[in-house]
Each structure stands twice: as C-alpha cells, then as structure tokens.
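# Secondary and tertiary structure notes
One-letter residues, chain by chain:
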Amino acid sequence: MTRFSRRAVLLAGSGLLVGCSRQPEADPVHLRLATGPAGAVYRRIGGALAEHISEQVPGVTVTTVPSGASTDNIRMLRAGEVHLGLTSLDALITSDGSAPGGLSAICRLYDSHLHLVVMAGSAIGEFRDLEGKRVSLGAHDSGTEFTSLRVLRLGPLKADGWNLSQAGSAGALRDGTIDAMFSLTGVPTPAITELAQRHPIRLIPLDAQADGLFTAYPGPYAPAMIHAAAYAGVPATRTVAVPNVLLARDDLPDDLVYAITDTVFRHTGAITSAGRDGAEALPEAWQINVRTGISTASVPLHPGAAAWFRDRKR
C-alpha cells in the first residue's frame, strides 16, 4: 500500500477532509469523486478508481457521486461538493486556452471518441443529414453535450436537440423517439455495445468535423478512428478524440494527491480488470500510462501529482 503523511493530510485545513480532530492520526479521510451518468464509461472507471484508491491508500475512503459528466463535475469541484472528478479536456479548457482556477490535474487517463450513432435503416447517411432531425446531445452538463454543440455550431447545422443520458439515448434511438445520438466516451461504451448487440446500428463518419474542431480549438482535439472490432457489425469509422483527465481541487494536500497518483499508475492492471461487483473489464484503462499521463495540455498538474512524476524520473 502507498504511504503518505497522515498528519499532513488531516491538518491541511482545506475544510473538505472529514474528521479533523485533536487526534488526527485516528481519523479517516473521506473523499467524493464525481463520475458520470448511467451507461457511461465515466461511471464505471470512476467506480474502479474509487475502489482501488480506497484499498491502497491507508485511511482513505472514496465515494463516487453520479453526475451529468464533465461540465457537471467541474461545477461540483469548484463548488466544493466533491474532491475529485473526471472531465474531458475540451470542457475544461476555456476559449483562450486556460483552465479554471482552483482545479488541477492528477493525470490524463484515456481518450474519448465522439460517436454519432443511427439505426442501420436510418435515412441519415452523413453529418449534414442531421439538419432538423431529433438528436440526443447527451446529458445536460456532460462532455457529450459540450462537444456535440460545438460540432453543430461549426456545421453550421440546426437539429432538434434532446438531452438524454447514454443509456437514455440508446433506448430512445432504439424506440424511434430520436433519429440519432451523440456520445463522447471511451471505446467501446456500454450503452452503445448493448444496443449494437441487439439491433443493427451505424456510425456516421466525423472526419471533416474533427478537422474543424482541431482548427477552431487547438489543443484538446485530434483526429481518431473507432476501430472495426468496437461494436458488432460496425465498420471502422473516422471521428475525433478528446483526452479525459482526473481532476482534484487545489486545496487537497500534496501527500494525499501523491498517494492517489501512485495508486492510479501502479494498479492500472487491477483497475482494468473486472471488479468485485462482477462488472466487465475496462479496456479504456489500458490507455493509462506514465508517458501520456503527464500530458494534460494547459491544465496544471496538482503539486502532489507533479512530485510523483518527478520522482518517477529519478
């Protein structure tokens, strides 16, 4: 297990750590980690991170907090409602390339890919066919909503936007309530996997939209490919990728964040494999590695995380 200074953690004075008393060594540390909605990779990978941090960092318990995802998580972090949270990099970086104050990165985790999903028999064959159609933009305050709105504005294209969760979007698409769904998530993502296993679907290419995002917002975007083996019966499809980062409030103690960072990178294999609850393995977690973990663009590393990366170079 990772060791850290209990006194430094419990006497940090942030007001976020529960249980500070006259005998700090005996008090537990309770952290809250904002994840995402039902059917999303954020919900599953956040749960795995919470489980292993709780197991590996002595005296620390991490509880997950379901959310709308990226934008909602940033809001909760800044409001002091949670201590840790997952977000897509584009939702975090402002238009001038800076990151909001009070937050810093522990590490980059994995890249999400923007999916545009339709049923196999849909008349929608390319992005421009979304004009006037009923399209799920993802849950309100999610990274999916943030990125899909950017894509539509760059079109420019007007669609009948719906705010549905990953699971809600897949169900509405299956039932014909909507015509298409956006999903910015890891590959594969549970909601789309389950839909594709039961009903033929297609992914609409977004290579031109990837180029547009890369040009308009340099930094968080890169052209990418959703590989052919990702979803049953769906060929490889070009799209755009966005990195995801694990965030912390700046007022979390350095020693605590150091220990969390150490757990993330030393236990990647355990985080990737099935958890005690019997959930399926998390293939997105295989992207977690020290080489890319430090690459958080203009978002500064928390001093505790920065110290861990420096120690790895020695």
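It should be emphasised that the depicted structure is a prediction, and the values quoted were computed from it without experimental measurement.

## Some words on the nonpolar core
Ranked by size, the top nonpolar core spans 34 residues in total, and within it Leu31, Leu109 and Val264 carry the most contacts. With 7 residues, helix H2 (residues 41–56) is the single largest residue contributor to this core. The contacts of valine 264, once residues within four sequence positions are left out, are Leu49, Cys107, Leu109, Leu246, Ile271 and Ile288. Judged by nonpolar contacts, the second largest core, of 21 residues, contains Leu116, Ile124, Ile204 and Tyr221.

## Quick look at empty space enclosed by the protein
The probe, sized like a water molecule, is rolled over the atoms to show the empty space still left. Under the definition given, this model contains 1 cavity of 30 Å³ or more. Approximately 170 Å³ is the volume attributed to the largest cavity. Surrounding the largest cavity, 25 residues form its lining, Ala69, Ser142, Thr144, Gln166 and Leu184 being those nearest its centre. Secondary-structure elements contributing two or more residues to the lining of the largest cavity are H2, strand S4 (103–119), helix H5 (143–154), helix H6 (166–175) and strand S7 (180–185). Top element by residues in the lining of the largest cavity is S7. It accounts for 5 residues. When the residues that make up the lining of the largest cavity are grouped by side-chain class, the tally is 11 nonpolar, 14 polar and no charged.

## Comments concerning unusual backbone geometry
Note on backbone geometry: most residues besides glycine have negative phi, and most peptide bonds are trans. The amide bond that connects glycine 155 to the next residue, proline 156, takes the cis arrangement and shows omega of -15°. That bond from valine 187 to proline 188 is cis: its omega, -5°, falls within 30 degrees of zero. By secondary structure assignment, the location of proline 188 is in the loop between S7 and helix H7 (190–198). Non-glycine residue alanine 69 carries a positive phi angle of around 110°.

## Notes on the pattern of salt bridges
When charged atoms on two side chains of opposite charge get close, those side chains can pair. Counted by the stated rule, this structure contains 9 salt bridges. In this structure, the salt-bridge partner of aspartate 111 is arginine 108, at a minimum N-O distance of 3.1 Å. Aspartate 111 sits in the buried class, given a relative accessible area of 18%. With a closest N to O distance of 3.1 Å, glutamate 126 and arginine 128 form a salt bridge. By relative accessible area, which is 36% here, glutamate 126 ends up partly exposed.

## Topic: the packing of H2 against helix H9 (residues 254–266)
Packing of H2 against H9 leaves a shortest axis separation of 10 Å and a crossing angle of 115°. Of the two possible hands of crossing, H2 and H9 adopt the one that is right-handed. Residues Leu49, His52, Ile53 and Gln56 of H2 form the contact with H9, whose participating residues are Ile260, Thr263 and Val264. In terms of residue class, the contact of H2 with H9 is built from 4 nonpolar, 3 polar and no charged.

## Things to note about the environment of asparagine 289
Mapped onto the elements of the fold, asparagine 289 is located in the loop between helix H10 (268–272) and helix H11 (290–293). On the basis of relative accessibility, which here comes to 25%, the residue asparagine 289 falls in the partly exposed class. Residues asparagine 289 and arginine 266 lie 23 residues apart in sequence; the distance between their C-alpha atoms is 9.4 Å. A distance of 3.1 Å separates the side chain of asparagine 289 from the backbone nitrogen of arginine 291, its partner in a polar contact. Within the local environment of asparagine 289, its side chain forms a polar contact with the backbone nitrogen of threonine 292, the two atoms lying 2.9 Å apart.

Calculation notes
Residues numbered from 1 in each chain as written. Predicted model: local features only at pLDDT ≥ 70, side-chain atom pairs only at ≥ 80, totals over all residues. Heavy atoms only, no water. Core = buried A, V, L, I, M, F, W, Y, C linked by side-chain atoms within 4.5 Å. Buried < 20%, exposed > 50% of the residue type's maximum accessible area, 1.4 Å probe, protein only. Helix = DSSP H or I, 4+ residues; strand = E, 2+ residues; numbered from the N terminus. Contact = heavy atoms within 4.5 Å. 1 Å grid on protein atoms, 1.4 Å probe; cavity = no way out; pocket = protein on both sides within 12 Å on 5 of 7 lines; lining within 4 Å. Points joined across faces, edges and corners; volume = space filled by probe spheres on them. Nonpolar A, V, L, I, M, F, W, Y, C, P; charged D, E, K, R; others polar. Salt bridge = Lys/Arg side-chain N within 4 Å of Asp/Glu carboxyl O. Axes fitted to C-alpha atoms, helices over the stretch in contact; angles between N-to-C directions. Left-handed = near helix turned anticlockwise from the far one by under 90°. Polar contact = N/O pair within 3.5 Å; in protein donor to acceptor, adjacent residues only side chain to side chain.

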